[in-house]
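# Architecture at a glance
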Amino acid sequence: MSFFTTRQLRPLILLAACSLASAGPQGEYTFDDAQAFVGTYCKSCHNGKSAVGGFNLERVASAASLRTEAQKWIRANARVRNGEMPPKGSPAPPLDQRERFTGWAENALRAEACAAGITAGPAPIRRLNRDEYTATIRDLLDIHLDIGHALPADGAGGEGFDNAAETLFLSPLHSEKYMEVAKFAMDFAAKEFKSRAKVLVRKPGPGVSADQAAREIFENLLPRAFRRPVRAEEAAPYLTLFQAAQKQGQSFEESVFFSLRAALVSPLFLFRVEPPNRGAGDRPLDQYALASRLSYFLWGSMPDEMLFDIAAAGKLQDPKVLKELVRRMIRNDRSLGFAQRFTEQWLRTRELGTEKVPDAKLFPTYAADEELRSDIRFEPILFFREILLRDLPLWNLLTSKHTIGTGNLAKHYGVKLPVRQAATKQPQWVDLPEGSRRGGLLGMSAVLAVSSYPYRTSPVLRGAWILDSILGTPPPPPPPNVPALEEAHGAATPKTVRERLTKHRENPVCAGCHSRIDGLGFALENYDAIGRWRDEDAGKPVDASGELADGTKFEGPEQMKAMLLEKKDLFIRNLTAKMLGYAMGRGLTLKDSCTVDDIVAQLRENDYSAQTLVEAIVLSAPFRNQAAMPPQAPARAQKEQNKP
Amino acid sequence: MTMRKPFLSRRTLLRGAGVGLGLPWLEAMVPASGFASSAVPKPPVRMAALYMPNGVNTHAWTPEASGRDFKLSPTLEPLQDLKDEVVVLSNLWNEASKGGDGHYVKEAAILTCSTIKKTPGADLGNGVSMDQLAAQRAPHATPLPSLELGVTPVAIGVDAVVGYTRVYGSHIAWSSPTTPLAREINPNSVYQRLFGAASGRTANSAKMDTLLLDRVLGDAKRLRAEVGAADRLRLDEYMSVMRGLEERVVRAGNPAASAWKARVPIDPRRAPTDRPKDHAEHVRLMLDMIAVAFQSDTTRISTFMFGNAVSNVSFRFLEGVSAGHHDVSHHQKDPDKLRQYQLINRWHIEQYAYLLRRLREMKEGEGTVLDNSMILFASALSDGNSHNMHKLPMVLGGRGGGRIDAGQHLVYSEDSPLSNLYVSMLDAFGTPVERFADSTGPLAGLLKS
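Residues numbered from 1 in each chain as written. Chains lettered and ligands numbered in written order. Predicted model: local features only at pLDDT ≥ 70, side-chain atom pairs only at ≥ 80, totals over all residues.

### Regarding the overall build of chain A
When helices and strands are counted, chain A shows 30 helices and 10 strands. Whereas a compact globule of 644 residues would reach a radius of gyration of roughly 26 Å, chain A reaches 28 Å, a difference of no more than 12%. Of all 644 residues assigned to chain A, the portion counted as buried reaches 51%. Contacts in chain A between residues at least 24 apart in sequence constitute 70% of all its contacts with a sequence separation of at least 6. (Helix = DSSP H or I, 4+ residues; strand = E, 2+ residues; numbered from the N terminus. Rg over C-alpha atoms; globule rule 2.2 N^0.38 Å. Buried ≥ 20, exposed ≤ 12 C-beta atoms within 10 Å, placed from the backbone. Contact = placed C-beta atoms within 7 Å.)

### Some remarks on the overall build of chain B
What chain B contains, in helices and strands, is 10 helices and 13 strands. For 449 residues, the compact-globule formula gives about 22 Å, and the C-alpha radius of gyration of chain B, at 22 Å, lands near that figure. Dimensions of chain B along its principal axes, counting C-alpha atoms only, are 65 × 55 × 50 Å. Looking at chain B residue by residue over its 449 residues, the buried ones come to 59%.

### Section: the pairing of strand S8 (residues 301-305) of chain B
A regular strand places its side chains so that they alternate between the two faces of the sheet. Across the five residues of S8(B), five count as buried, placing the element largely inside the fold. A two-sided burial pattern is seen for S8(B), the buried positions comprising Ile301(B), Thr303(B) and Met305(B) on one face and Ser302(B) and Phe304(B) on the other.

### A look at the interface of chain B and chain A
Often, the extent of an interface is quoted as the loss of accessible area upon association of its parts. The interface is formed by 68 residues belonging to chain B together with 74 residues belonging to chain A. Where the side of chain B that touches chain A is concerned, the elements lending two or more residues are strand S7 (179-180), helix H5 (203-226) and helix H6 (229-252) of chain B. No other element matches H5(B), which puts 13 residues into the side of chain B that touches chain A.

### Some remarks on the pairing of strand S3 (residues 147-150) of chain B
All names here are of chain B. By the alternation rule, side chains of S3 split into Leu 147 and Leu 149 and Glu 148 and Gly 150, which are all buried. As paired strands, S3 and S8 are joined by four bridges and run parallel to one another. Within S8, the residue paired with Gly 150 across the bridge is Met 305. (Pairing = 2+ DSSP bridges.)

### Focus on helix H4 (residues 70-81) of chain A
Residue and element names in this part refer to chain A. Taking 1.5 Å of rise per residue, 12 residues should cover 16 Å, and H4 covers 16 Å from first to last C-alpha, within 8% of that figure. For H4, the full list of buried residues reads Trp 73, Ala 76, Asn 77, Ala 78, Val 80 and Arg 81. Those residues of H4 that are buried are in contact with helix H3 (65-68) and helix H5 (95-115). Following H4 by one or two positions, Gly 83 has its phi on the positive side, about 75°. (Expected span 1.5 Å × (residues − 1).)

### What about H6(B)?
An ideal rise of 1.5 Å per residue puts 34 Å on 24 residues; H6(B) measures up with 34 Å between its terminal C-alpha atoms. Looking at H6(B), one finds that the buried residues are Asp231(B), Arg234(B), Leu235(B), Tyr238(B), Met239(B), Val241(B), Met242(B), Leu245(B), Glu246(B), Arg248(B), Val249(B) and Ala252(B). The inward-facing, buried residues of H6(B) contact helix H7 (172-189) and helix H12 (267-270) of chain A together with H5 of chain B.

### With respect to the confidence of the model for chain B
Any residue range with low pLDDT should be treated as having predicted coordinates unsuitable for detailed reading. Residues and elements named next belong to chain B. In the predicted model, chain B carries a mean pLDDT of 89, and the fraction of residues at 70 or more is 91%. pLDDT under 50 marks residues 1-38. Its contacts with residues more than four places away, or in other chains, come to 69 contacts. ipTM for the predicted complex: 0.88, alongside a pTM of 0.88. (pLDDT = per-residue confidence, 0-100.)

### A look at the sheet that holds S8(B)
All names here are of chain B. Strand order in the open sheet formed by seven strands is S3-S8-S1-S11-S12-S2-S13, with mixed pairing between adjacent strands. A strand with exactly one partner marks an edge of an open sheet, and here the two such strands are S3 and strand S13 (408-417). When the angles between neighbouring strand axes are averaged without regard to direction, this sheet yields 15°. Strand contacts of helix H3 (residues 130-137): strand S1 (46-51) and S8, with the helix running at about 160° to S8, the strand carrying the most contacts. (Axes fitted to C-alpha atoms, helices over the stretch in contact; angles between N-to-C directions.)

### A word on the packing of H5(B) against H6(B)
Residue and element names in this part refer to chain B. Close contact between H5 and H6 brings their axes to 10 Å; oriented N to C, the two are set at 165°. Classified by the interaxial angle, the pair formed by H5 and H6 is roughly antiparallel. Regarding H5 and H6, the two cross each other, and that crossing is left-handed. Two secondary-structure elements touch here, H5 through Ala 206, Asp 209, Thr 210, Leu 213, Val 216, Leu 217, Ala 220, Leu 223 and Arg 224 and H6 through Arg 232, Leu 235, Tyr 238, Met 239, Met 242, Arg 243, Leu 245, Glu 246, Val 249, Val 250 and Ala 252. Looking at the contact of H5 with H6 residue by residue, the class counts come to 14 nonpolar, one polar and five charged. (Parallel < 35°, antiparallel > 145°, perpendicular 65-115°, else oblique. Left-handed = near helix turned anticlockwise from the far one by under 90°. Nonpolar A, V, L, I, M, F, W, Y, C, P; charged D, E, K, R; others polar.)

### Here's the deal with unusual backbone geometry
Among all residues save glycine, negative phi is the norm, and among peptide bonds the norm is trans. A positive phi angle, near 55°, is found at Tyr608(A), a position not held by glycine. Within the secondary structure, Tyr608(A) sits in the loop between helix H27 (590-605) and helix H28 (610-619). Using a count of 22 C-beta atoms within 10 Å as the deciding quantity, one classes Tyr608(A) as buried. In the Ramachandran plot, Asn91(B) falls in the positive-phi region, its phi being about 80° despite a non-glycine side chain. If you trace the backbone, Asn91(B) turns up in strand S2 (residues 86-93).

### A closer look at the packing of helix H21 (residues 459-470) of chain A against helix H24 (residues 508-522) of chain A
Residues and elements named next belong to chain A. Contact geometry for H21 and H24: axes closest at 7 Å, N-to-C directions at 105°. Viewed along their axes, H21 and H24 adopt a mutual orientation that is roughly perpendicular. Touching Pro 459, Val 460, Leu 461, Arg 462, Gly 463, Ala 464, Ile 466 and Leu 467 of H21 are Arg 516, Ile 517, Asp 518, Gly 519, Leu 520, Gly 521 and Phe 522, all from H24. Of the residues assigned to the contact of H21 with H24, the class counts are nine nonpolar, three polar and three charged.

Below is the structure:
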């Protein structure tokens, strides 16, 4: 079995994206068209025994190769899409032909994969990321500290989230920090009444030896720390460790907390491990593993007592139970963490304050007001969470009659938000007044700032941000060696951004993408680099008109959002893929895109209800099932056998 | 809610308290002349690489003339008083970094000279970086094998436009092709770490940690036997870092058995802030941490990132600069943007010069710590506007324990391998290699024969 990591397949909506941009009266693209494309642009090099890079395209000449040589297709397709192939110096197809080819290939590959049925996909062991680590220790020991802040931040992989198994590597620095933080946590817990009660469930005394008490303590805590029942041979070494600590002259309590410190550094705590499936095909996931998948998806932390109990009763695979659980888990306060981690990374607003800091001189009110910054940061997070809690249609994220209000935000936006006077600092769900122009994510400061430069807006950045984060159709990378504007257009360089971009689009090399990007960004020009409304920019009236390559015209954010709403399936598909990637903690595969299609269909039937999305993900095959362990690579297996 | 920081015991605090030695970033610093170092005959060689994202304004970078009588360019001018202690290297390139995209493939490879795998994460792949190769070839020399520093957290997300995880653009030190090394960005926590590492351990606390680490390694071994091949690699990574830590703990708990001794003690009372007020102060403090680490000999190897690849940190704090770093680097030949680009480059060179001067102020035996160091300033692009990876901007400061023939502008034939520089540096560091990546030999004229 092989799994294709096919992030490159994300743009299987590329054709749709093109139709958004440049629908043309072209006939249906067929396998023969694709073969003609390959014949014209690829085969002169990738042919015969001496095929360049050992990449021979003979084997993809039949329709069956979409199934048998899918990996090869995926690779070829990704390189064509990214403009890496054909290489510089070889005849290159025009953008529209390139995209017709890749769009066709993606759909064809997906159709083949889906025809074979939805399967579970890989579930590699995954280290707890910094947030999960902090939350897990919080819930395990009942200590409320930002305990993980000393750990290095985690990078992201897969669908762009920092819970992706593939990029959660370990450095020597981690080993030191894990030791320090575990000590700090246990020292702290040893002094806290509530934590002590959680840990010290038994005390040595008459009739109870120290070893017996310690054993009971470990039997109580280790299964919670490792999030599954612990076998005797796994628990026994902790008792040995306890005894060794006693031998070193430590007291009973010291020895207990010391041994539990080891539990916090153990891979059984630090990694999420699912018992491997040694069978031939997919199987329903182990109950406890499923409990962890649920709790880390929706809470970013370990399962609670209720989840453990349901798992112990073996009821967690029951769809009815899962449906009910999902709703309960969303209502739990801990789902705020999910809303925050998911939204901030999906929208990239987490960069505000680190990679993106609005200039303090140009935006002194923003720089000086920590409360405002916090309100701005939490606005999309809380908005998303309310939509989830209230089970509203997901297209509210594009345009909505409601928002999250505070006194600060009302002032910042210059909009009369009906915020309760008694609690203006408390973020609250409010109705937007008519004509507020603030409905949906695209009217929120965090989004508008993160898609700007620190000192000015950029229609290109904002347009590209919409294509990537909202529609899931990021523009391809700029071709290498685009001539600078001056070279291309002579000395009379236009001054305004709009004029420069208009010139830029006169170059056909640039026009292909910028005709898609720029218009979307221009429609948001009435928002400044921290999202305030403006009618003038540098003394000139703002021109918020945008046009896409297909001639679609709009003016200002409301018309542009109305246009996006027409394409809401594209948005919903992207959101679904993002959330499935987050839930699985890995990049999506070709098979997963079948699951995404399936979920989008369910959403369409359920008025795009927010809770349906979460529920459908939890009930999906990749989430509930487990793939068989991939067979070992022969060379590697051989090597291991040869070991003494 | 924040956690109170220090993991310093009262014992260690008291131990350090008797030593009134100033630290280099404090103006009240007392030069450490003659202290501690007199006992050791030959000071060790140290090595650091400072990485600047986004390339340079090439019009203002290259010095005039080659050889010893070269004239510093406007960008390099802050090195004027250090001219005899640096070598400017022209015309090197990193062939492995051509193609791919404009940034990640170049910047992640600056110390590996390898071509990274294009991936949003699943099959991360690079080479081993030259600093880590040195650390692996000189194990146990110092309490910390190496020190990875930066000022911005790892960049989030996957760059969907080019298809690389931003993990690539956030790491230049790679201990294996699949393992980038996490960086520290908090100067206070780096200082605590250096102090802790240099202070050693009581035999008892080392013993306890060893017991603990044995336990978790036991768990890892059991788990390893149960999982599939891919997951085993993750557990191998876990066991490798935990074993590394265990070795260090054992050595720290038995100072008598170790040849290592702090060359200059670290004063726990002089820990810097954990909230630098701005980018400039933050950079300075992190460079100070390299100076402290090198002076005390807590480590001999360090890497520092001024920013992540594609960093758009605002440099408006500089007079005459109105934009962010990456923005300005795409100057499109606009004279004003080029001017700003150069100012940003020059600011980085000023910081580099600051570190060199700090190390020069630290007396060590007959010379200075700078004499015994090799501090590389590097960018993975020349002209950022075109993502050009030819003629990389490279300066090497310090004399590498007398091995570096400093005070020159060395101009090589076009497209000479950057990896040759690393072959020479690894030689001077005392960990010679026959080859590094695509190297063809040492760099001519750099080392004294």
